[in-house]
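Remarks on the overall topology
Residues per chain, in single letters:
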Amino acid sequence: MPDWSAIQQVWPLLIAVAGVWAKLEVTMMRNREQSARNEVEINKLEAQLEAQKLVTQKQGLMLARMEESLVSIGRTLERIDRKIP
């Protein structure tokens, strides 16, 4: 026959442990969900960063071409100016 007094004394402790365990499980589940959301957000940011890098490279190339064109136009204008009396 079980000792009911011992069970009655331990029962509140078991309920408290079960409550703490349930709270930890809920917290860990929320943390896992937040981690998954963070991972998705990081992946989006990395994709945006790569896109910005490509745009920056293209803009740099276009700027260099424009600069070369302006230098060439300047030289042409200088030659024309020298030919005009």
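Reference entry: report on the structure contained in this document.

Reading the values: rules and limits
- Residues numbered from 1 in each chain as written.
- Predicted model: local features only at pLDDT ≥ 70, side-chain atom pairs only at ≥ 80, totals over all residues.
- Heavy atoms only, no water.
- Helix = DSSP H or I, 4+ residues; strand = E, 2+ residues; numbered from the N terminus.
- Rg over C-alpha atoms; globule rule 2.2 N^0.38 Å.
- Buried < 20%, exposed > 50% of the residue type's maximum accessible area, 1.4 Å probe, protein only.
- Areas by Shrake-Rupley, 256 points an atom, 1.4 Å probe, with all protein chains shown as cover.
- Lys, Arg positive; Asp, Glu negative; His and termini not counted.
- Charge placed at Lys NZ, Arg CZ, Asp CG, Glu CD.
- Patch = residues over 30% accessible without salt bridge, like charges linked within 9 Å, V, L, I, M, F, W, Y side chains within 5 Å.
- Salt bridge = Lys/Arg side-chain N within 4 Å of Asp/Glu carboxyl O.
- Expected span 1.5 Å × (residues − 1).
- Bend = angle between axes of the 7 residues up to and from the residue.

Bringing the overall build of the protein into the picture now. The number of helices and strands found in the protein is one helix and zero strands. What you see for the protein is a C-alpha radius of gyration of 36 Å, clearly larger than the 12 Å of a compact globule of 85 residues, by over 25%. When its C-alpha atoms are laid out on the principal axes, the protein stretches across 125 × 15 × 10 Å. Counting all 85 residues of the protein, 0% fall into the buried class. Accessible surface for the protein amounts to roughly 8200 Å². Of this, 65% is attributable to carbon and sulfur atoms. One finds the centroid of the 12 positive side-chain charges in the protein at a distance of 9 Å from the centroid of its 11 negative side-chain charges.

Attention now moves to a positive patch on the surface. A cluster of like positive charges, contributed by Arg 75, Arg 79, Arg 82 and Lys 83, occupies part of the molecular surface. The residue Arg 82 is located in helix H1 (residues 4–83) in this model.

Under the definition given, this model contains one salt bridge. For Glu 50, the salt bridge goes to Lys 53, with nearest N and O atoms at 3.6 Å. Of the two residues, Glu 50 and Lys 53 both sit in helix H1, three residues apart, roughly one turn of that helix. Residue Glu 50 is classed as partly exposed on the basis of its relative accessible area, which comes to 44%.

Take a nonpolar patch on the surface next. A contiguous nonpolar surface patch, about 590 Å² in accessible area, is contributed by Val 10, Trp 11, Leu 13, Leu 14, Ile 15 and Val 17. Looking at the element boundaries, Leu 13 is found in helix H1. When its relative accessible area of 53% is taken as the criterion, Leu 13 is described as exposed.

Okay, H1 next. The end-to-end C-alpha distance of H1 is 117 Å, a good match for the 118 Å that 80 residues give at a rise of 1.5 Å each. Largest kink in H1: about 35°, centred on Val 10, with the proline Pro 12 one to four residues after it.

Now for the environment of Gln 57. Structurally, Gln 57 is set in helix H1. Considered as a pair, Gln 57 and Glu 68 are eleven residues apart in the sequence and their alpha carbons are 17 Å apart.

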